[in-house]
Amino acid sequence: DGDTVDTDVLIVGSGPAGASAALFLSTLGVPNIMITKYRWTANTPRAHITNQRTMEIFRDVGIEDQVLAEATPHEMIGDTVFCTSIAGEEIGRILTWGNHPARHADYELASPSLNCDIPQTYLEPILVKNATMRGTQTRFSTEYLSHVQHPDHVDVTVLDRLTGRTQVIRAKYLIGADGARSKVAADIDLSMVGQMDIAGSMNITFTADLEKLVGHRPSVLYWVIQPGSNIGGIGAGLVRMVRPWNEWLIVWGFDIDQGVPEVTEADALQIVRNLIGDPGLEAEITGISLWGNNEQYATRLQSGRVFCAGDAVHKHPPSNGLGSNTSIQDSYNLAWKLAAVLNGTAGEELLETYTAERAPVARQIVTRANQSGREFGELFSALGLEPGQTEEEMTAAIAARKDATPAGAERRRQVKAAMELKNYEFNAHGVELGQRYTSSAVVDDGREPTPNPRDPELYYEPCTDPGVRLPHAWVGNCIEKSSTHDLAPYSRFTLITGTTGAAWEDAARTVSDRLGVDVTTVVIGPDRDITDLYFDWDRVRGIAEDGAILVRPDTHIAWRVETLPSDPAGDLETALTAVLSRE
Ligand code: FDA
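Nothing here was measured: the structure is a model prediction, and the numbers come from that model. (Residues numbered from 1 in each chain as written. Predicted model: local features only at pLDDT ≥ 70, side-chain atom pairs only at ≥ 80, totals over all residues. Heavy atoms only, no water.)

Turning our attention to the overall build of the chain. Within the chain one finds 18 helices and 25 strands. Relative to the globule expectation of 25 Å for 583 residues, the C-alpha radius of gyration of the chain, 25 Å, shows essentially globular dimensions. When its C-alpha atoms are laid out on the principal axes, the chain stretches across 75 × 65 × 40 Å. Within the chain, buried positions represent 56% of all 583 residues. When contacts within the chain are restricted to residue pairs at least 6 apart in sequence, long-range pairs at least 24 apart make up 73% of them. Carbon and sulfur atoms make up 50% of the accessible area of the chain, which amounts to about 23100 Å² in all. Looking at the chain, you have 50 positive and 80 negative side-chain charges, and the mean spots of the two groups are 1 Å apart. (Helix = DSSP H or I, 4+ residues; strand = E, 2+ residues; numbered from the N terminus. Rg over C-alpha atoms; globule rule 2.2 N^0.38 Å. Buried < 20%, exposed > 50% of the residue type's maximum accessible area, 1.4 Å probe, protein only. Contact = heavy atoms within 4.5 Å. Areas by Shrake-Rupley, 256 points an atom, 1.4 Å probe, with all protein chains shown as cover. Lys, Arg positive; Asp, Glu negative; His and termini not counted. Charge placed at Lys NZ, Arg CZ, Asp CG, Glu CD.)

As a further point, take the site of the ligand. With respect to spatial proximity, 27 residues lie near the ligand, and among them Ser14, Ala17, Gln120, Tyr144 and Asp311 are the closest. Gly15 places a polar main-chain atom, nitrogen or oxygen, 3.5 Å from an oxygen atom of the ligand. Breaking the shell around the ligand down by element, the ones donating at least two residues are α1 (16-27), β9 (142-149) and α9 (323-342). Taken together, the residues of the shell around the ligand sort by class into eight nonpolar, 13 polar and six charged. (Near = heavy atom within 4 Å. Polar contact = N/O pair within 3.5 Å; in protein donor to acceptor, adjacent residues only side chain to side chain. Nonpolar A, V, L, I, M, F, W, Y, C, P; charged D, E, K, R; others polar.)

Omega for the peptide link from Pro244 to Trp245 comes to -15 degrees, which places this bond in the cis form. Here Trp245 is to be found in the loop between β14 (237-243) and β15 (247-254). In the Ramachandran plot, Asp197 falls in the positive-phi region, its phi being about 55 degrees despite a non-glycine side chain. Located in the positive-phi region is Phe535, a residue other than glycine, with phi close to 60 degrees. One can find Phe535 in the loop between β23 (519-524) and α17 (536-540). Classification of Phe535 as exposed rests on a relative accessible area of 59%.

A few words on the packing of α1 against helix α5 (residues 120-133). Between α1 and α5, the shortest axis-to-axis distance is 8 Å and the interhelical angle comes to 25 degrees. Judged on the interaxial angle alone, α5 and α1 are roughly parallel. At the point where α1 passes α5, the crossing takes the left-handed sense. Contacts between α1 and α5 involve Pro16, Ala19, Ser20, Ala22, Leu23 and Ser26 from the first element and Gln120, Glu124, Leu127, Val128, Asn130 and Ala131 from the second. Looking at side-chain class alone, the contact of α1 with α5 contains seven nonpolar, four polar and one charged residues. (Axes fitted to C-alpha atoms, helices over the stretch in contact; angles between N-to-C directions. Parallel < 35°, antiparallel > 145°, perpendicular 65-115°, else oblique. Left-handed = near helix turned anticlockwise from the far one by under 90°.)

Note on helix geometry: an α-helix contains 3.6 residues per turn, so any two residues three or four positions apart are oriented the same way. For helix α4 (residues 101-110), the complete set of buried residues consists of Arg103, Asp106, Tyr107 and Ala110. The buried residues of α4 occupy one face: seen down the axis, they fall within an arc of 95 degrees. The exposed residues of α4 that point more than 90 degrees off its buried face are Pro101 and Leu109. (Arc of directions from axis to C-beta.)

Quick look at the environment of Asp444 now. Along the chain, the position of Asp444 falls in the loop between α15 (429-433) and β20 (474-476). Of the residues examined, Asp444 reaches a relative accessible area of 62% and is grouped as exposed. Placed 197 residues apart in sequence, Asp444 and Glu247 show a C-alpha to C-alpha distance of 49 Å. Within polar-contact distance, the side chain of Asp444 engages the backbone nitrogen of Gly446 at 3.1 Å.

Let's shift gears to the pairing of β14. For β14, a buried count of seven out of seven residues is recorded, marking the element as mostly surrounded by other parts of the structure. The pairing of β14 with β15 spans five bridges and is antiparallel. Residue pairing for β15: Val239 is matched across the bridge by Ile250. Joining the antiparallel neighbours β14 and β15 is a turn of three residues. (Pairing = 2+ DSSP bridges.)

For the chain, the assigned domains read domain 1 (376-421) and domain 2 (469-579). One C-alpha centre belongs to domain 1, the other to domain 2; they are set 54 Å apart. (Domains from an automatic or database assignment.)

Once that is clear, we can look at the packing of helix α16 (residues 503-515) against helix α18 (residues 568-579). Interaxial distance between α16 and α18 falls to 8 Å at its minimum, and their mutual angle equals 45 degrees. By the angle between their axes, α16 is oblique relative to α18. When the axes of α16 and α18 are compared, the crossing they make is right-handed. Counted together, Trp504, Ala507, Ala508, Thr510, Val511, Arg514 and Leu515 of α16 and Pro568, Ala569, Leu572, Glu573, Leu576 and Thr577 of α18 form the full contact between these two elements. The residue inventory of the contact of α16 with α18, partitioned by class, reads nine nonpolar, two polar and two charged.

The structure is reproduced here in structure tokens:
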């Protein structure tokens, strides 16, 4: 009905994937419109663990401080407790999210940014505000209905939910960041592997002052094993901190085969009191919602001018805290490519690398999160718990680990082993930082991949193999200290070399001019503004001092050359031409 409006990129959804896509595109100066169905952002806390990779991305686009100001900090999130109720008996604890002293160094060494906890209700407004301030046209109460692709644009029909009127938005590209039940993904018929709604969970939000019970063991996650807790996708009841220590969210399973239950406020209060272990607890129930657990991922993330990101292409339980993180990382991968194609510095084939690079990540994280959920089974069997037990049988089984008998000792050994397995959910540093891309936007240098001497899911191994994220090292001078990541901002390609590699500066200038692409050289050495302060960069750079590493806008390594070649400009041009899919 209304007049058609034009934009470069239309984004459907203002969740982590959509709002961050808008922020990244606006940061790069790409005109975009973001529409979202509701009148505001997420109305429940939802995703919360924000890993180091995501914090680095926030640092890159200048919002890390704003996020930290609203977040519960790293050191308050990781004394994860397993118990029979919050006030009751403790089965064990595991230090999580890098908070164990023996793991903390790995996290400190790997990144300029530590992880933290920020619920979606706090994060989304920061993303939306910054996107909008930088240029995004944000439209609430606006629903995506359908689209039609043309050779050089997409016509998207949207509904203004206030007036009931439809309108066509004409965009050069469309991003469907419309969540697990994505209509955009369905409309482009993305092929999915796996299933939706394999288990049912309910979220109960409530306020209650629990500081006395938890302040001495600060965590965002308190796992409660009680009768009924092995139903549902997560495997145990979860009391999750939303704000320390008086805003909470309980996740409790239900049997999805029995249909969707009716949960009253009185039922919810009963569940809260049971899990806290205080029959008279003063608590105010602030919300009840039901959701399905999924194990599904897309194998293609694009059809022509339409892309999907976030839960639209990977659907999984909250285990490992990967949902919002991966969604933001998808958009970070996609936005610079769209910008490069739109400003004419890259060929359209560059956009194909979004699927090549992110579809394997979708598969990996869906698999990891579901496996982590299932691995709770080990703890249940270690505790002697079986489906169908009565409350008395269950209590007796849990108590059997106290017996001064060989059987009791075996139980204790099994409980310890089951808890150790949970490192794959709560300290999976390699999963979070070790993503390695293979695509035409990465030039293979023919060297063997750097081996990881430790478990690659638990441990991140820094290296500069093409396709991996640039390793972090602190560099700088007597006035300033920066991360190597700070040297390689989202707005450009960065070529990193050392003192004897200064010839790369001319080479990069020549190639920049020839291709019209910003390639800025950073020389790290004592003759320059940026010195290898702790000699850490020397340890991880994986090339000789006069070699070079070409870093993409998204801080992944595009190309690496071991020593200064005879024609650095020629070699750099060949590499960049390939990376950007130019003729
Ligand atoms: P997300 O679902 O966040 O956003 C989708 C966006 O699309 C919304 O802005 C919506 O309004 C919009 N939209 C949808 N259809 C539209 C249409 N037709 N037109 C216009 N806009 C449309 N994760 C976790 O780690 N821990 C947790 O505890 C939870 N809990 C949780 C609870 C509930 C109820 C949900 C729904 C999800 C979770 N999650 C979670 C998952 C987590 O929230 C999820 O991984 C991220 O939000 C994914 O971000 P996206 O931006 O991809 O989708």
